[in-house]
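Fold and contact review
Residues per chain are reported as follows:
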Amino acid sequence: MASSLALLSLTPAISRHSHLLFSRCPSPRHLRLAPPAAATPSPGGSPGPGVFLSPRALSQLDELAAFRYEHAFPHGLLTVRALSRGPEDDAVAEALVRLLASSFSETVRWAPAQRYAQLLTFVIRRYLHDRRGLAPHAAVLVGFYRPADAAGAAADEGDEDGEGEGGEDEGEMACTAEVSFNAVGAPGAPPTPTPPLDFPYICNMTVKTALRRRGLGNQLLKACEDLVNKMDAKRRVYLHCRIIDQVPFNMYRKAGYNIVQTDSILVWLSLQKRKYLMSKELPQASAASESSTKDFDDNILTY
């Protein structure tokens, strides 16, 4: 993930795993609830009774609903879209809870974490519920993968984890990321070094274990950037990366992200790993959208 959902009193951390790119995310006790009703759309993505949304916000809701990012690999097709708040995506949200819980369990390899698996699932489910309600100020992206081999696609439909719940046309749930576009959608209790809250921020980015090192993470990052441009947000994007995570760090640098600030060594006193705050100035939307149509490069860094 681009940022870590911490368990109980654990502070946010960046995973040591190359597929986890955790960044500014709250611990469960600091999980941010939905904003006041004036900024919260009703289920289905449209404003509820008494809710006022500006024409720009309504346009952004439509943009989120229509957002699709596709990339064809030699080995399959990745499709990324925004998770809606409506009941039609409840099954997808549950599959996403399992994906995030599994990734977090790999990050925290200690016995109490296993015993608190049910609590962890509850915390993540509540967190996703709140984040889904923050549209259009934030979005949870979900990526679905369909292998090029038809036989492999059929096998994925029978995934015992049930993570093909996005529909037979979407394929197997493969990855996820979260993007906040302004201060209203920014996660609460951000770790240091803290980026400006009114700028886009990428976090909670992870790829399913069986699908890592195929280039999905790199394309998921591009999908996040593409959505930032489409949402007409500020073009400077921020994220965090742990200093020890060399693989994601190399991926970020290759994607054009530069170090803005580095954690103080005193962060070790809070049992966290030191982090880089990284930033990138996105190109114009037209240039960003072209990246989704480029052919897969075997030389690109994957994780």
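The text that follows walks through the structure, step by step, so that each part is easy to find. All values derive from a computational prediction rather than experimental measurement. (Residues numbered from 1 in each chain as written. Predicted model: local features only at pLDDT ≥ 70, side-chain atom pairs only at ≥ 80, totals over all residues. Heavy atoms only, no water.)

Further remarks concern the pattern of salt bridges. Where side chains of opposite charge bring their charged atoms close, a pairing between them can arise. Under the definition given, this model contains 14 salt bridges. Across the pair Arg131 and Glu178 runs a salt bridge, and its minimum N-O distance is 2.6 Å. Taken together, the residues span a long stretch of sequence, with Arg131 in helix α4 (residues 117-132) and Glu178 in strand β4 (residues 172-180) at a distance of 47 residues. Judged by relative accessible area, Arg131 falls into the buried class, the value being 2%. Among the residues examined, Glu178 registers a relative accessible area of 2% and is labelled buried. (Salt bridge = Lys/Arg side-chain N within 4 Å of Asp/Glu carboxyl O. Helix = DSSP H or I, 4+ residues; strand = E, 2+ residues; numbered from the N terminus. Buried < 20%, exposed > 50% of the residue type's maximum accessible area, 1.4 Å probe, protein only.)

The next subject is the packing of aromatic side chains. Taken as a whole, this structure holds three aromatic pairs when the rule is applied. Pairing Phe199 with Tyr238 gives two aromatic rings, centres 5.9 Å apart and planes at 85 degrees, and the pair type is edge-to-face. With a gap of 39 residues between them, Phe199 in the loop between β4 and β5 (201-207) and Tyr238 in strand β6 (residues 236-242) connect regions that are remote in the sequence. Summarising the aromatic geometry, the rings of Phe249 and Tyr276 are spaced 5.1 Å apart at their centres and angled 35 degrees between planes, so their arrangement reads as tilted. Note that Phe249 is positioned in helix α7 (residues 246-255) and Tyr276 in strand β8 (residues 275-281), a separation of 27 residues in sequence. For the pair formed by Phe249 and Tyr276, the shared burial category is buried. In this structure, Lys234 packs its charged tip against the face of Phe199, placed 4.6 Å from the ring centre. (Phe/Tyr/Trp six-rings, centres within 6.5 Å; stacked < 30°, edge-to-face > 60°. Lys NZ or Arg CZ within 6 Å of the ring centre and 35° of its normal.)

Before going further, it helps to examine α4. Look at α4: 22 Å from first C-alpha to last across 16 residues, which is about the 22 Å you get at 1.5 Å a residue. For α4, the set of buried residues is Leu120, Val123, Ile124, Tyr127, Leu128, Asp130, Arg131 and Arg132. (Expected span 1.5 Å × (residues − 1).)

Tallied over the entire structure, the rule returns zero disulfides. We note that Cys224 lacks a disulfide partner, and the nearest cysteine sulfur, in Cys175, lies 8.9 Å from it. Taking relative accessible area as the criterion, Cys224 reaches 0% and is therefore assigned buried. (Disulfide = S-S within 2.5 Å.)

Along the chain, Lys254 turns up in helix α7. Remark: the alpha-carbon pair of Lys254 and Asn218, spanning 36 residues in sequence, is separated by 9.8 Å.

Further remarks concern unusual backbone geometry. Residue Ala135 is joined to Pro136 through a cis peptide bond whose omega torsion reads 10 degrees. Mapped onto the secondary structure, Pro136 falls in the loop between α4 and β3 (138-147). Here the phi dihedral of Arg213 falls at roughly 60 degrees; this positive angle occurs in a residue that is not glycine. Structurally, the position occupied by Arg213 is in the loop between β5 and α6 (216-230). Judged by relative accessible area, which is 54%, Arg213 ranks as exposed. Unlike most non-glycine residues, Asp232 shows phi in positive territory, near 55 degrees.

The next thing to look at is the packing of α6 against α7. The N-to-C vectors of α6 and α7 enclose an angle of 45 degrees; their axes lie 11 Å apart at closest approach. Taken together, the axes of α6 and α7 are oblique relative to one another. α7 is crossed by α6, and the crossing has right-handed handedness. Of the residues in α7, those in contact with Gly217, Asn218 and Leu221 of α6 are Met251, Tyr252 and Ala255. Here the residues of the contact of α6 with α7 are counted per class, giving four nonpolar, two polar and no charged. (Axes fitted to C-alpha atoms, helices over the stretch in contact; angles between N-to-C directions. Parallel < 35°, antiparallel > 145°, perpendicular 65-115°, else oblique. Left-handed = near helix turned anticlockwise from the far one by under 90°. Contact = heavy atoms within 4.5 Å. Nonpolar A, V, L, I, M, F, W, Y, C, P; charged D, E, K, R; others polar.)

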